[in-house]
Amino acid sequence: MVPGFLSLSLSRLGLWASGLVLVLGFFKLIHLLLRKQKLARAMDSFPGPPTHWLFGHTLEIQQTGSLDKVVSWAHQYPCAHPLWFGPFIGFLNIYEPDFAKAVYSRGGKGLLVLEGPKWFQHRKLLTPGFHYDVLKPYVSVFAESTRIMLDKWEEKAREDKCFDIFCDVGQMALDTLMKCTFGKGDSGLGHRDSSYYLAVSNLTLLMQQRLESFQYHNDFIYWLTPHGRRFLRACQVAHDHTDQVIRERKAALQDEKEREKIQNRRHLDFLDILLGARDEDGIKLSDMDLRSEVDTFMFEGHDTTTSGISWFLYCMALYPEHQQRCREEALEILGDRDAFQWDDLGKMTYLTMCIKESFRLYPPVPQVYRQLSKPVTFVDGRSLPAGSLISLHIYALHRNSAVWPDPEVFDPLRFSPENVSRRHPFAFMPFSAGPRNCIGQQFAMNEMKVVTALCLLRFEFSLDPSRLPIKIPQLILRSKNGIHLHLKPLGPGSGK
């Protein structure tokens, strides 16, 4: 009698549970449909490309050549158009300077960043970390990491084969950040650091895949999938690494000898600055805030630099006349010295223009997202309510023919002082703009100048016509098949 009653109870319990799941699922579906209706209504005044009822625009976005597809849409729909990732997530995709200004000249909720008072407090605390007095000694750190990479390339170039530079640039960028963030020594990356590098690379890819796959948009479903579990494991590796470094540094600061050693170092690293940062009330960052800021700096600083340097060297290989002019400028600045100094960076005018033009054509971050915290009215009178999602398509903005004449042409003189002064301040946004612009942009530009100048002094770069890069956006701009270049070693003091 009891076993039968028990099985009946379990059966009823199963039915109740199934019914509850169905009811919850139904309410969730209603919530998503209402949200979609609200987003669609908000974007009613913005015509756009046809959407698939289930996939939205994701099928086009996931195809090779998706970046140039959006540029073609930008010609068809001036200023902005709706962009749907699946049936429920819709962004207004913008690529016009006045539209970018309307959104990015004020606060908003970044999809990967802090918001509100906490963001403002952290920004105030971090700004001294990027003051030029702090950045000055990093020039030699950039040079050290670059020389390790260039020595490796010297060996590869002896085989007279073309090779993919992207991974080596990534290792060099991480090595530099490890030294500038954590004060790592010159012995290179240990096993733990390599695991961290792999975790950061995985997170970049997984985040882009999640955004483009509508079935992963729901948190509950996502964390149950192998993809979601991989994401959590990668997060754990990154967090464990940062937590351990913070613990070790705090312990070292308790020891008087170690504290003196740290204070007498030729440069303070980012972690030193964070540990010493206090607001007006003397309050320091918590361990959780420390980890958050370090992870953000590492995550945003290493992949973007890798992309920027790799695509710049591709541009130099593609346009040998500009490559030679940059090399001659670097040789002239260096003179009979063997190392660049801080004051040299301001003299690299032609190299800087070439770097900016490569950023225009191949922006390290081709697309950024924002959620409006307040309603916005655009210059043409159309508007969006608070809560709307915005996608700023930097790649399409930088190839907008209404702003950039002959946008596909590589022309560094677009960034001469007179041309810059005549252009809309929101026409060029490789580091974003407005109050939330990239706080590390001076750090990134300095690193780009030192690394690329040293690369051009050691090698002549040329293309492999059989393996031209295929652009793909994965939070940062990558190449599907790597960036393969021929490298010809140059003799000391060689202008050619």
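Only a predicted model underlies this, so the values are computations on that prediction, with no experimental measurement involved.

**Some points on the overall build of the protein**
- Counting its regular elements, the protein contains 20 helices and twelve strands.
- Among the 496 residues that make up the protein, the fraction classed as buried is 50%.
- Sequence separation of 24 or more characterises 74% of the internal contacts of the protein that already satisfy a separation of 6 or more.

**Observations concerning helix H11 (residues 226–254)**
- Between its first and last C-alpha, H11 extends 42 Å over 29 residues, near the 42 Å set by a 1.5 Å rise per residue.
- Residues of H11 that are buried include every one of His227, Gly228, Phe231, Ala234, Cys235, Ala238, His241, Thr242, Val245, Ile246, Arg249 and Ala252, and no others.

**What about the sheet that holds strand S4 (residues 163–164)?**
- Strand order in this open sheet of three strands is S4-S12-S9, and the pairing throughout is antiparallel. The outermost strands of the open sheet, each flanked by one partner alone, are S4 and strand S9 (459–463).

**Overview of the nonpolar core**
- Residues Trp153, Leu384 and Phe461 are the most contacted members of the largest nonpolar core, which totals 132 residues.
- Sort the elements by how many residues they give to this core and helix H14 (residues 287–318) lands first, with 13 residues.
- Sequence-distant contacts of Leu384, that is, excluding residues within four places in its chain, are made with Ala42, Met43, Phe46, Leu92, Leu372, Pro375, Val376, Phe378 and Ile390.

**With respect to the UniProt feature "transmembrane region" (unreviewed entry) in the protein**
- The UniProt record annotates "transmembrane region" (unreviewed entry) at residues 13–34.
- Summarising residues 13–34: 100% helix, 0% strand, and an end-to-end C-alpha distance of 31 Å.

**Let's talk about the side chain of Asp272**
- Relative to the helices and strands, Asp272 is located in helix H13 (residues 270–276).
- Taking the relative accessible area as the measure of exposure, Asp272 reaches 11% and is therefore buried.

**Overview of the side chain of Ser479**
- Mapped onto the secondary structure, Ser479 falls in strand S11 (residues 476–479).
- Judged by its relative accessible area of 11%, Ser479 is buried.
- For Ser479, the side chain forms a polar contact with the main-chain nitrogen of Ile470, separated by 3.2 Å.
- A polar contact of 2.7 Å, which involves the side chain of Ser479, links it to the backbone oxygen of Gly482.
- Those residues in contact with Ser479 that lie beyond four places of it in its chain are Trp311, Pro469, Ile470 and Ile472.

**Side note on the environment of Glu332**
- As for its position among the elements, Glu332 is in helix H15 (residues 320–334).
- Taking the C-alpha atoms as reference, Glu332 lies 9.9 Å from Met348; in sequence the two are 16 residues apart.

**Focus: the pattern of salt bridges**
- This structure, assessed with the given rule, holds 18 salt bridges.
- When the shortest N-O distance is used, the salt bridge between Asp287 and Lys250 registers 2.4 Å. Placement of the pair is Asp287 in helix H14 and Lys250 in helix H11, with a sequence separation of 37 residues.
- When salt bridges with common partners are traced through the structure, they connect Asp151, Glu154 and Arg458 into a single cluster.

The rules behind each value
- Residues numbered from 1 in each chain as written.
- Predicted model: local features only at pLDDT ≥ 70, side-chain atom pairs only at ≥ 80, totals over all residues.
- Heavy atoms only, no water.
- Helix = DSSP H or I, 4+ residues; strand = E, 2+ residues; numbered from the N terminus.
- Buried < 20%, exposed > 50% of the residue type's maximum accessible area, 1.4 Å probe, protein only.
- Contact = heavy atoms within 4.5 Å.
- Expected span 1.5 Å × (residues − 1).
- Pairing = 2+ DSSP bridges.
- Core = buried A, V, L, I, M, F, W, Y, C linked by side-chain atoms within 4.5 Å.
- UniProt positions renumbered as here; feature names shortened; annotations may be inferred.
- Polar contact = N/O pair within 3.5 Å; in protein donor to acceptor, adjacent residues only side chain to side chain.
- Salt bridge = Lys/Arg side-chain N within 4 Å of Asp/Glu carboxyl O.

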